[in-house]
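What follows is each chain in one-letter form.
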Amino acid sequence: MAAFVLDKRGSPLMPCSEKRARLLLKRGRARVHRVLPFVIRLTDRLAEESAFQSLRVKVDPGSKVTGVALVREFNSGIAVLNLFSLMHRGRQISEALVTRRNFRHRRRSANLRYRAPRFLNRARRDAWLAPSLQHRVDTTMSWVRRIKRWTPISATSVEFERYDLQAMRSAEVAGYEHRKYERVDYEIREYLLKKWWHRCAYCDKEGVPLHVGHIISRARGGSDHLTNLTICCGPCHFRKGERDIKEFVVDGIRCNRILGRAKVPLKESASVSSTRAALVTELRSARLVVETSTGGRTKWNRARFGIPKTYALDAVCVGDVSVVMDWQRPTVEVKCSGRGSYQRTRLTAEGFPRSYLIRKKRIYGFQTGDRVRADVSKGKMIGIYVGRVAVRASGNFNIKTQNGVVQGINHRYCKVVQRADGYGYSPLLRLAQRVTRSKSVGPAL
Ligand SMILES: [Zn+2]
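Residues numbered from 1 in each chain as written. Predicted model: local features only at pLDDT ≥ 70, side-chain atom pairs only at ≥ 80, totals over all residues. Heavy atoms only, no water.

Below, the discussion takes up the sheet that holds strand 2 (residues 12-16). Read across the sheet, four strands follow the order 2-1-4-3 without closing on themselves; strand pairing throughout is mixed. The sheet is open, and its two edges are formed by strand 2 and strand 3 (30-34), each paired on a single side. Averaged over all pairs of adjacent strands, the angle between their axes in this sheet comes to 35 degrees, without regard to strand direction. (Pairing = 2+ DSSP bridges. Helix = DSSP H or I, 4+ residues; strand = E, 2+ residues; numbered from the N terminus. Axes fitted to C-alpha atoms, helices over the stretch in contact; angles between N-to-C directions.)

See the structure below:
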């Protein structure tokens, strides 16, 4: 993990190593600006006096998890600085909306007095996305903006489509022999594997080496067009050879099914493509240079460099990359946790009120979701507890530590490490943990 560095006025500088950050803090040249992720602020430097290198944020948007990678670019490749996997909460949002809808249905059917609508809130923007999808765009943008605030990034790369259809189409025209695009061939194969459900079109065999085969063989004048290609196992490929498909596949129903499937282009789900389009529009409006890429290219890069598949490392492989360095780094898992519930009534499973939440969000200066450190010196609970706090009106809080929830910790023992920002972080950065343990970080942060 690289530490983010700001100058004395808060403008971003180049990130530095953990070791360098530790030395800067030790020598009094820097202050802790933020703990998670770790940001320091130099006290003796201005951005104008500093040299910058080219930094890029790479994003691989997913439906449940979005991978984000911060990389430094040099002339022949990229070096990975930070990896994040951003876990979305689309499911929770849609469930919350269903609950709200049910409340409203009840209010309409119950015998209550008439209340005039408070707002005209029925208008939908042109580029409207469902709240659970909009949330993905918003949280991803929020993280790109954060990283932009902490480092001098100039460009972004986003996985925009599954396959590079344009390159695939021009490759069709060029034909196999004249092609030099190794990457396009890879994408075509991936496309066909997906289209034919990763199994032989002729005998349905799975889990065996699969070939790309022609329906009308090239010897009979068949093209390299995507609609003339299938996926088949080695033996079937060999046995079919140059024969006509109707001659090879005796079963007429299967033959028609194969021919029908071949004609259909593979489509992406509408929700994925609309979310990605919205993300790219937002990135452009944040005045960032956006490179759009394809899932096929990501996979090709990953295979080429021998990088394992994780959300964050997929983000590293997005776009045009020639060399990848330093990818063996820990990933910070960022979980979208929200900022609590607006609804103040807790219900039983049958929908009857069970309890009421307090109106006040802040108790003795603490709020649910704050990261605190409690140093309990008296009583049964003696010890040090660090984690997410859940406040109680009584002043005896619950703290969710790495080893489970501890209950009844009095607010007097607690100190805020970091205010709730709608995200949870794990695993914790080593350096951040060390700073948390020292006395320099208190409620002032
Ligand atoms: Zn087969």
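Once that is clear, we can look at the pattern of salt bridges. Overall, the coordinates contain 18 salt bridges when judged by the stated rule. For the salt bridge of Arg29 with Asp44, the shortest nitrogen-to-oxygen distance reads 2.8 Å. Here Asp44 lies in the loop between strand 4 (39-42) and strand 5 (54-60) and Arg29 lies in the loop between helix 1 (18-26) and strand 3, a separation of 15 residues in the sequence. Assessed through its relative accessible area of 28%, Arg29 is described here as partly exposed. Here the residues in one salt-bridge network are Arg34, Arg146 and Asp421, joined through shared partners. (Salt bridge = Lys/Arg side-chain N within 4 Å of Asp/Glu carboxyl O. Buried < 20%, exposed > 50% of the residue type's maximum accessible area, 1.4 Å probe, protein only.)

Here we come to the coordination of the zinc ion. The coordination sphere of the zinc ion, as far as protein atoms go, consists of Cys200 (SG), Cys203 (SG), Cys233 (SG) and Cys236 (SG), spread over 2.2 to 2.3 Å. Coordination at the zinc ion is tetrahedral: its four donor atoms span angles of 103 to 115 degrees at the metal. The sequence pattern describing where the donors of the zinc ion fall on their chain is C-x2-C-x29-C-x2-C. (Donors = N, O, S within 2.8 Å, 3.2 Å for Na, K, Ca; no water. Tetrahedral: all angles 85-135°; square planar, octahedral: opposite > 155°, others 65-115°.)

The subject of this paragraph is the side chain of Arg183. Positionally, Arg183 belongs in helix 5 (residues 182-195). Not counting residues within four places of it along the chain, the set of residues in contact with Arg183 comprises Asp164, Arg297 and Trp300. (Contact = heavy atoms within 4.5 Å.)

On to the sheet that holds strand 21 (residues 404-410). Strand order in the open sheet made by the five strands is 21-20-19-18-22, with antiparallel pairing throughout. Two strands lie at the open edges of the sheet, namely strand 21 and strand 22 (414-418), each paired on one side alone. Going across the sheet, the axis of each strand differs from the next one's by a mean of 45 degrees, ignoring polarity. Sheet analysis places strand 19 (residues 383-390) next to strand 20 (residues 396-401), joined by three bridges and oriented antiparallel. Opposite Val389, over in strand 20, you have Ile399 as the bridge partner.

So, about the layout of surface pockets. Taken as a whole, the second largest pocket encloses approximately 660 Å³ of empty space. In terms of lining residues, the second largest pocket is bounded by 30 residues, among which Asp60, Glu159, Arg162, Arg276 and Lys309 are the most central. Mapped by element, the contributors of at least two residues to the lining of the second largest pocket are strand 6 (65-74), helix 3 (131-150), helix 5, helix 9 (270-285), helix 10 (295-305) and helix 11 (311-316). Of the residues assigned to the lining of the second largest pocket, the class counts are seven nonpolar, 11 polar and 12 charged. (1 Å grid on protein atoms, 1.4 Å probe; cavity = no way out; pocket = protein on both sides within 12 Å on 5 of 7 lines; lining within 4 Å. Points joined across faces, edges and corners; volume = space filled by probe spheres on them. Nonpolar A, V, L, I, M, F, W, Y, C, P; charged D, E, K, R; others polar.)

Here the focus is the confidence of the model for the chain. As a general rule, the predicted coordinates of low-pLDDT regions are not to be interpreted in detail. Mean pLDDT for the chain: 88, with 93% of residues reaching 70 or above. In the model, residues 429-445 has pLDDT below 50 throughout and makes 37 contacts with residues more than four positions away in sequence or in other chains. (pLDDT = per-residue confidence, 0-100.)

This part covers the state of the cysteines. All chains considered together, the criterion is met by zero disulfides. There is no disulfide at Cys255, and the cysteine sulfur nearest it, in Cys236, is 14 Å away. Taking the relative accessible area as the measure of exposure, Cys255 reaches 3% and is therefore buried. (Disulfide = S-S within 2.5 Å.)

Moving on: a positive patch on the surface. A grouping of Arg100, Arg104, Arg106, Arg107, Arg108, Arg113, Arg115 and Arg122 is seen on the molecular surface, where their side chains present a positively charged patch. Tracing the chain through its elements places Arg107 in helix 2 (residues 90-109). (Patch = residues over 30% accessible without salt bridge, like charges linked within 9 Å, V, L, I, M, F, W, Y side chains within 5 Å. Areas by Shrake-Rupley, 256 points an atom, 1.4 Å probe, with all protein chains shown as cover. Lys, Arg positive; Asp, Glu negative; His and termini not counted. Charge placed at Lys NZ, Arg CZ, Asp CG, Glu CD.)

The subject of this paragraph is the domain arrangement of the chain. Segmentation of the chain into domains returns domain 1 (1-52 + 331-338 + 422-445), domain 2 (54-91 + 129-162 + 269-329), domain 3 (165-263) and domain 4 (359-421). On a C-alpha basis, the centres of domain 2 and domain 3 stand 32 Å from each other. The interface is formed by seven residues belonging to domain 2 together with five residues belonging to domain 3. Summed over both partners, the interface of domain 2 with domain 3 buries about 680 Å², with 56% contributed by carbon and sulfur atoms. When residues of domain 2 are sorted by the area they lose upon contact with domain 3, Arg297, Lys299 and Trp300 head the list and together hold 65% of the total. Linking domain 2 with domain 3 are one salt bridge, by the criterion used here. Measuring nitrogen to oxygen at the nearest pair gives 2.7 Å for the salt bridge that ties Glu190 to Lys299. Seen at the junction of domain 2 and domain 3, the total is three residue pairs in polar contact (both at pLDDT 80 or more). (Domains from an automatic or database assignment. Buried area = accessible area lost by both parts, 1.4 Å probe. Polar contact = N/O pair within 3.5 Å; in protein donor to acceptor, adjacent residues only side chain to side chain.)

Attention now moves to the packing of aromatic side chains. Within this structure, the stated rule accounts for eight aromatic pairs. With centroids separated by 5.2 Å and ring planes inclined at 90 degrees, the aromatic side chains of Tyr202 and Phe248 adopt a geometry described as edge-to-face. On the criterion of sequence distance, the pair formed by Tyr202 in the loop between helix 5 and strand 9 (210-214) and Phe248 in helix 7 (residues 245-248) is long-range, its members being 46 residues apart. Of the two residues, Tyr202 and Phe248, neither departs from the other in class, the shared state being buried. These aromatic residues form a ring-pair network of at least three members: Phe4, Phe84, Trp143, Trp150, Tyr423 and Tyr425. (Phe/Tyr/Trp six-rings, centres within 6.5 Å; stacked < 30°, edge-to-face > 60°.)

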